[in-house]
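Residues per chain, in single letters:
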Amino acid sequence: RAKEKGGNNFQLYHPEMNKRSLHRLNLEIHLRKAVEKEEFHVYYQPLVDLGTGKIFGMESLVRWKHPEWGMVSPGEFIPLAEETGLIVPLGSWVLKEACKQTYAWSLMGYPRLCVSVNISMNQFHQPNFVQLIEDTLRETKLHPSQLCLEITETVAMKNVSYIMETMENLKKIGVQISIDDFGTGYSSLSYLKKFRVHTLKIDQSFIRDITVDEDSAAIVTALIAMSRKLKIKSLAEGVETPEQLRFLKDQGCDEIQGYIFSTPLAPDQFEELMKKNKLLQVH
Ligand code: C2E
Ligand code: MG
Ligand code: MG
Ligand code: MG
């Protein structure tokens, strides 16, 4: 609006503009610069097999270390990055970084790790998305089976035929696909028949209450049972307590991720954890 008034005479402090949109604009300007300057870091949160108690992989989670503001959480800037399209270059950077790191770790003799990378729908819908995955794997030398793409259920439901075709092409390359935040979307379950995903990540909002709320417990029990029948792995997100862990193990959940084992870690911290051969204990 302010811009329309007088050509280049851009009025930053227009009275219409409330605090929220100012904050947003400020954030967007900084975010744009940060993408150019690559002010980001990738942290890795261990993914643990409930059967063996061992780390089998890690989720890459982006961190923004702003020179003045310090650490900005993805919850604050990912939605804005998605709205502005900045997620496309940022997402490509994270993807490459995560693949590079995982290949480096495989050279260091750790057990074979699988890295999960969050993919926003805008990235998924780029016409060259499958090509980007192929190119990144070739450039970083990571084996395709060591890459898992996390797609969020809410948005994964639009343009079903296009998504199926892209999923098929990704499957041909040999990468894995998981549905993130499962249970929070609006979709019907029927697409699970059409898309052969590897893993359902049960959203942490259900896990949080499993030991205190019967409905959450019922939903999680049903999701785990359904996954098993469909031969899809189930992974519980945000596991924090021994009681939650016990419950999930009893229900036959395959994998977990959460503070009970580890928070997301900087690469050197993740390496330390791998060296210790830390095992998940279920009591
Ligand atoms: P997500 O993909 O569902 O990632 C899991 C989030 O849960 C992470 O938050 C992680 O730190 C947090 N978490 C893990 N265990 C626990 C726990 O035991 N308790 C609690 N309370 N939280 C736990 P984070 O790192 O803040 O990321 C938030 C979201 O931002 C992610 O949710 C994902 O949707 C998005 N995101 C992060 N990195 C990227 C990225 O590189 N690309 C895209 N497109 N999105 C990203
Ligand atoms: Mg995720
Ligand atoms: Mg999630
Ligand atoms: Mg998510």
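Rules used in this analysis
Residues numbered from 1 in each chain as written. Chains lettered and ligands numbered in written order. Predicted model: local features only at pLDDT ≥ 70, side-chain atom pairs only at ≥ 80, totals over all residues. Heavy atoms only, no water. Donors = N, O, S within 2.8 Å, 3.2 Å for Na, K, Ca; no water. Buried < 20%, exposed > 50% of the residue type's maximum accessible area, 1.4 Å probe, protein only. Helix = DSSP H or I, 4+ residues; strand = E, 2+ residues; numbered from the N terminus. 1 Å grid on protein atoms, 1.4 Å probe; cavity = no way out; pocket = protein on both sides within 12 Å on 5 of 7 lines; lining within 4 Å. Points joined across faces, edges and corners; volume = space filled by probe spheres on them. Nonpolar A, V, L, I, M, F, W, Y, C, P; charged D, E, K, R; others polar. Phe/Tyr/Trp six-rings, centres within 6.5 Å; stacked < 30°, edge-to-face > 60°.

- An unreviewed UniProt entry lists the protein under the name EAL domain-containing protein, from Paenibacillus chartarius.

## Side note on the coordination of the magnesium ion (ligand 2)
Part 1 of the argument: Within the protein, the atoms that donate to the magnesium ion (ligand 2) are E59 (OE), N118 (OD1), E150 (OE) and D180 (OD), at distances of 2.0 to 2.2 Å.
Part 2 of the argument: Of note, the donors binding the magnesium ion (ligand 2) are all from one chain and are spaced E-x58-N-x31-E-x29-D.
Part 3 of the argument: Taking relative accessible area as the criterion, D180 reaches 5% and is therefore assigned buried.

## Concerning the environment of D180
Part 1 of the argument: Inspection of the secondary structure assignment puts D180 in strand β6 (residues 176–182).
Part 2 of the argument: In sequence terms D180 and I151 are 29 residues apart; their C-alpha atoms lie 5.5 Å from each other.

## Side note on the layout of surface pockets
Part 1 of the argument: Taken as a whole, the largest pocket holds about 1000 Å³ of empty space.
Part 2 of the argument: Where the lining of the largest pocket is concerned, the elements lending two or more residues are β2 (55–66), α3 (74–84), α4 (87–107), β4 (114–119), α5 (121–124), α7 (153–156), β6 and α10 (204–208).
Part 3 of the argument: Class assignment for the residues of the lining of the largest pocket results in 14 nonpolar, 16 polar and 9 charged.
Part 4 of the argument: Estimated volume of the second largest pocket: approximately 240 Å³.
Part 5 of the argument: Every residue lining the second largest pocket is counted, 17 residues in all, and those nearest its centre are F56, C114, Q176, T199 and E255.
Part 6 of the argument: When contributions to the lining of the second largest pocket are tallied by element, the ones reaching two or more residues are β1 (40–49), β4, β5 (147–152), β6, β7 (199–202) and β8 (233–236).
Part 7 of the argument: The residue inventory of the lining of the second largest pocket, partitioned by class, reads 5 nonpolar, 6 polar and 6 charged.

## Observations regarding the packing of aromatic side chains
By convention here, two paired aromatic rings are described through the distance between centres and the angle between planes.
Part 1 of the argument: The final tally for this structure, using the stated rule, is 9 aromatic pairs.
Part 2 of the argument: Here F40 and W93 contribute two aromatic rings whose centre-to-centre distance is 6.4 Å and whose plane-to-plane angle is 50°, an arrangement assigned as tilted. You can see F40 sitting in strand β1 and its partner W93 sitting in helix α4, a full 53 residues away along the chain.
Part 3 of the argument: Residue classification places F40 among the buried residues on the basis of a relative accessible area of 4%.
Part 4 of the argument: Judged by centre distance (5.5 Å) and plane angle (85°), the ring pair of W64 and F77 falls under edge-to-face. Placement of the pair is W64 in strand β2 and F77 in helix α3, with a sequence separation of 13 residues. The residues W64 and F77 share a single accessibility class, namely buried.

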